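Listed here are the chains, written in short residue letters.
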Amino acid sequence: MKKLILILMMALMPLLLAAQQSNVVLPQDKGPDKIDVSAYPAALQANYKLFASKCSKCHTIARPMNTMMKRDEWQRYVSRMMHKPNSGISDSQGKQIFDFLVFDQTERKDKNPKAFFPALSDEEIDKLKKK
Ligand code: HEC
(Lines give C-alpha, C1' and ligand atoms only; values in the text may rest on other atoms or scores of the structure.)
Protein backbone atom coordinates (compact mmCIF):
# COMPACT_ATOMS: atom_id res chain seq x y z
CA MET A 1 0.00 0.00 0.00
CA LYS A 2 2.78 2.42 0.97
CA LYS A 3 4.52 1.56 -2.25
CA LEU A 4 1.43 2.36 -4.25
CA ILE A 5 1.13 5.81 -2.66
CA LEU A 6 4.77 6.47 -3.40
CA ILE A 7 4.35 5.49 -7.04
CA LEU A 8 1.28 7.71 -7.31
CA MET A 9 3.10 10.65 -5.81
CA MET A 10 6.00 10.21 -8.15
CA ALA A 11 3.65 10.06 -11.10
CA LEU A 12 1.98 13.30 -10.01
CA MET A 13 5.21 15.17 -9.27
CA PRO A 14 5.63 16.71 -12.76
CA LEU A 15 2.07 18.02 -12.53
CA LEU A 16 2.70 19.57 -9.13
CA LEU A 17 5.87 21.19 -10.41
CA ALA A 18 4.21 22.41 -13.59
CA ALA A 19 1.58 24.20 -11.50
CA GLN A 20 4.34 26.47 -10.19
CA GLN A 21 5.70 27.39 -13.57
CA SER A 22 4.62 30.63 -15.08
CA ASN A 23 2.52 29.51 -18.03
CA VAL A 24 2.22 32.87 -19.70
CA VAL A 25 4.60 34.94 -21.84
CA LEU A 26 4.92 38.53 -20.62
CA PRO A 27 6.39 41.35 -22.76
CA GLN A 28 9.39 41.39 -20.40
CA ASP A 29 10.21 37.78 -21.28
CA LYS A 30 11.27 38.80 -24.78
CA GLY A 31 13.90 41.30 -23.65
CA PRO A 32 17.64 40.59 -23.18
CA ASP A 33 18.53 37.77 -20.79
CA LYS A 34 21.94 39.03 -19.67
CA ILE A 35 23.21 42.06 -17.77
CA ASP A 36 26.75 43.36 -18.07
CA VAL A 37 27.67 43.61 -14.40
CA SER A 38 31.43 43.98 -14.94
CA ALA A 39 31.38 47.52 -13.51
CA TYR A 40 29.22 46.57 -10.49
CA PRO A 41 30.83 46.15 -7.02
CA ALA A 42 32.16 42.61 -6.42
CA ALA A 43 29.51 41.74 -3.81
CA LEU A 44 26.75 42.66 -6.25
CA GLN A 45 28.37 40.64 -9.02
CA ALA A 46 28.10 37.63 -6.72
CA ASN A 47 24.46 38.51 -5.98
CA TYR A 48 23.85 38.70 -9.72
CA LYS A 49 24.89 35.05 -10.10
CA LEU A 50 22.56 34.03 -7.30
CA PHE A 51 19.75 36.04 -8.86
CA ALA A 52 20.33 34.51 -12.31
CA SER A 53 20.21 30.98 -10.94
CA LYS A 54 17.29 31.40 -8.50
CA CYS A 55 14.94 33.62 -10.45
CA SER A 56 15.03 31.60 -13.67
CA LYS A 57 13.39 28.52 -12.23
CA CYS A 58 9.76 29.22 -13.13
CA HIS A 59 10.03 31.84 -15.88
CA THR A 60 12.63 33.46 -18.09
CA ILE A 61 15.39 35.39 -16.34
CA ALA A 62 14.62 38.10 -18.90
CA ARG A 63 11.37 38.74 -17.00
CA PRO A 64 12.87 40.32 -13.87
CA MET A 65 15.78 41.77 -15.89
CA ASN A 66 13.41 43.85 -17.99
CA THR A 67 10.80 44.79 -15.39
CA MET A 68 10.83 48.22 -13.76
CA MET A 69 9.90 48.35 -10.08
CA LYS A 70 10.44 50.75 -7.24
CA ARG A 71 12.41 49.67 -4.19
CA ASP A 72 9.36 48.74 -2.10
CA GLU A 73 7.81 46.89 -5.03
CA TRP A 74 10.96 44.78 -5.45
CA GLN A 75 10.89 44.07 -1.75
CA ARG A 76 7.32 42.84 -1.92
CA TYR A 77 7.97 40.94 -5.11
CA VAL A 78 11.08 39.06 -3.99
CA SER A 79 9.28 38.09 -0.82
CA ARG A 80 6.28 36.91 -2.85
CA MET A 81 8.49 34.82 -5.20
CA MET A 82 10.45 33.44 -2.23
CA HIS A 83 7.29 32.20 -0.57
CA LYS A 84 5.97 30.35 -3.58
CA PRO A 85 6.14 26.61 -2.87
CA ASN A 86 9.51 25.13 -3.95
CA SER A 87 11.04 28.50 -4.79
CA GLY A 88 14.30 27.22 -3.26
CA ILE A 89 15.15 30.75 -2.06
CA SER A 90 16.13 31.25 1.59
CA ASP A 91 15.66 34.50 3.53
CA SER A 92 19.32 35.46 3.25
CA GLN A 93 19.40 34.62 -0.46
CA GLY A 94 16.25 36.69 -0.94
CA LYS A 95 17.98 39.63 0.73
CA GLN A 96 21.02 39.32 -1.56
CA ILE A 97 18.80 39.13 -4.64
CA PHE A 98 16.82 42.15 -3.43
CA ASP A 99 20.07 44.12 -2.96
CA PHE A 100 21.05 43.28 -6.51
CA LEU A 101 17.67 44.22 -7.99
CA VAL A 102 17.61 47.59 -6.23
CA PHE A 103 21.16 48.47 -7.26
CA ASP A 104 20.49 47.38 -10.84
CA GLN A 105 17.23 49.34 -10.88
CA THR A 106 18.97 52.64 -10.05
CA GLU A 107 22.18 51.91 -11.96
CA ARG A 108 20.78 50.58 -15.21
CA LYS A 109 17.00 50.85 -15.49
CA ASP A 110 16.23 54.27 -13.99
CA LYS A 111 18.80 55.84 -16.32
CA ASN A 112 17.11 54.43 -19.40
CA PRO A 113 13.48 53.72 -18.43
CA LYS A 114 12.21 53.50 -22.03
CA ALA A 115 14.22 50.32 -22.59
CA PHE A 116 12.25 48.43 -19.92
CA PHE A 117 8.71 47.36 -19.10
CA PRO A 118 6.45 48.45 -16.26
CA ALA A 119 5.38 45.63 -13.94
CA LEU A 120 1.98 44.21 -14.84
CA SER A 121 -0.81 43.92 -12.31
CA ASP A 122 -2.13 40.48 -11.40
CA GLU A 123 -5.28 41.32 -13.39
CA GLU A 124 -3.26 42.15 -16.51
CA ILE A 125 -1.34 38.88 -16.15
CA ASP A 126 -4.60 36.97 -15.78
CA LYS A 127 -5.90 38.54 -18.98
CA LEU A 128 -2.78 37.46 -20.88
CA LYS A 129 -3.22 33.93 -19.53
CA LYS A 130 -6.74 33.70 -20.93
CA LYS A 131 -5.66 34.65 -24.45
C1 HEC B 1 8.30 29.21 -7.78
C2 HEC B 1 8.28 29.82 -9.11
C3 HEC B 1 8.89 31.20 -9.24
C4 HEC B 1 10.14 31.62 -8.84
C5 HEC B 1 11.24 30.81 -8.16
C6 HEC B 1 10.23 33.02 -9.22
N7 HEC B 1 9.09 33.43 -9.84
FE8 HEC B 1 8.71 35.30 -10.58
N9 HEC B 1 6.86 34.70 -11.20
C10 HEC B 1 6.31 33.45 -10.98
C11 HEC B 1 4.92 33.46 -11.41
C12 HEC B 1 3.97 32.26 -11.33
C13 HEC B 1 4.67 34.78 -11.87
C14 HEC B 1 3.32 35.41 -12.26
C15 HEC B 1 2.98 35.34 -13.63
C16 HEC B 1 2.32 34.04 -13.85
O17 HEC B 1 1.38 33.70 -13.10
O18 HEC B 1 2.74 33.36 -14.77
C19 HEC B 1 5.91 35.52 -11.77
C20 HEC B 1 6.09 36.82 -12.21
C21 HEC B 1 7.23 37.57 -12.05
C22 HEC B 1 7.42 38.95 -12.50
C23 HEC B 1 6.44 39.79 -13.32
C24 HEC B 1 5.79 40.79 -12.41
C25 HEC B 1 4.82 41.68 -13.10
O26 HEC B 1 3.82 42.00 -12.42
O27 HEC B 1 5.00 42.11 -14.25
C28 HEC B 1 8.66 39.34 -12.04
C29 HEC B 1 9.31 40.70 -12.22
C30 HEC B 1 9.24 38.23 -11.34
N31 HEC B 1 8.36 37.17 -11.36
C32 HEC B 1 10.46 38.26 -10.70
C33 HEC B 1 11.04 37.19 -10.03
C34 HEC B 1 12.27 37.28 -9.28
C35 HEC B 1 13.10 38.55 -9.09
C36 HEC B 1 12.53 36.03 -8.80
C37 HEC B 1 13.68 35.59 -7.90
C38 HEC B 1 13.71 36.20 -6.58
C39 HEC B 1 11.42 35.17 -9.23
N40 HEC B 1 10.55 35.91 -9.96
C41 HEC B 1 11.34 33.81 -8.94
C42 HEC B 1 6.96 32.35 -10.45
C43 HEC B 1 8.23 32.35 -9.89
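Our subject is the structure listed above.
The text that follows walks through the structure, step by step, so that each part is easy to find. (Residues numbered from 1 in each chain as written. Predicted model: local features only at pLDDT ≥ 70, side-chain atom pairs only at ≥ 80, totals over all residues. Heavy atoms only, no water.)

### Considerations on the overall build of the protein
Each helix and strand in the protein was counted, giving 6 helices and 2 strands. Each helix (α) and strand (β) of the protein, taken in turn from the N terminus, gives the series α-α-α-β-α-α-β-α. A burial count over the protein gives 31% of its 131 residues as buried. Of the contacts formed within the protein by residues at least 6 apart in sequence, a portion of 77% connects residues at least 24 apart. As presented, the protein carries roughly 9000 Å² of accessible surface, and 62% of it is formed by carbon and sulfur atoms. (Helix = DSSP H or I, 4+ residues; strand = E, 2+ residues; numbered from the N terminus. Buried < 20%, exposed > 50% of the residue type's maximum accessible area, 1.4 Å probe, protein only. Contact = heavy atoms within 4.5 Å. Areas by Shrake-Rupley, 256 points an atom, 1.4 Å probe, with all protein chains shown as cover.)

### Here's the deal with the packing of aromatic side chains
For the structure on display, the rule yields 5 aromatic pairs. The interplanar angle of 40 degrees and the centroid separation of 6.2 Å between the aromatic rings of Tyr40 and Phe100 together place this pair among those described as tilted. Taken together, the positions of Tyr40 in the loop between helix H1 (2-20) and helix H2 (42-54) and Phe100 in helix H5 (residues 91-109) put the pair 60 residues apart, joining distant regions of the chain. The residues Tyr40 and Phe100 share a single accessibility class, namely buried. Considering the side-chain rings of Tyr48 and Phe100, the 5.3 Å spacing of their centres and the 45 degrees angle between planes classify their relative orientation as tilted. Pair noted here: Tyr48 is in helix H2 and Phe100 is in helix H5, with a separation of 52 residues, a long-range link. Like Tyr48, the residue Phe100 is buried in the burial classification. (Phe/Tyr/Trp six-rings, centres within 6.5 Å; stacked < 30°, edge-to-face > 60°.)

### Overview of the site of the ligand
Around the ligand, the structure places 24 residues, and the nearest of them are Cys55, Cys58, His59, Met81 and Leu120. Between the ligand and His59, the relevant distance is 2.8 Å, taken from a nitrogen atom to a side-chain nitrogen or oxygen of the residue. Here Lys129 contributes a side-chain N or O atom positioned 2.7 Å from an oxygen atom of the ligand. Going through the elements one at a time, helix H3 (62-65), helix H4 (71-82), H5 and helix H6 (122-130) are the ones with two or more residues in the shell around the ligand. A breakdown of the residues in the shell around the ligand according to their chemical character gives 14 nonpolar, 6 polar and 4 charged. (Near = heavy atom within 4 Å. Polar contact = N/O pair within 3.5 Å; in protein donor to acceptor, adjacent residues only side chain to side chain. Nonpolar A, V, L, I, M, F, W, Y, C, P; charged D, E, K, R; others polar.)

### Digging into the nonpolar core
By size, the foremost hydrophobic cluster in this structure holds 20 residues, and its most contacted members are Ile35, Tyr48, Phe51, Ile97, Phe100 and Leu101. Of the residues forming this core, the biggest block, 5 residues, is contributed by H5. Aside from chain neighbours lying at most four places away, what touches Leu101 is Phe51, Trp74 and Val78. (Core = buried A, V, L, I, M, F, W, Y, C linked by side-chain atoms within 4.5 Å.)

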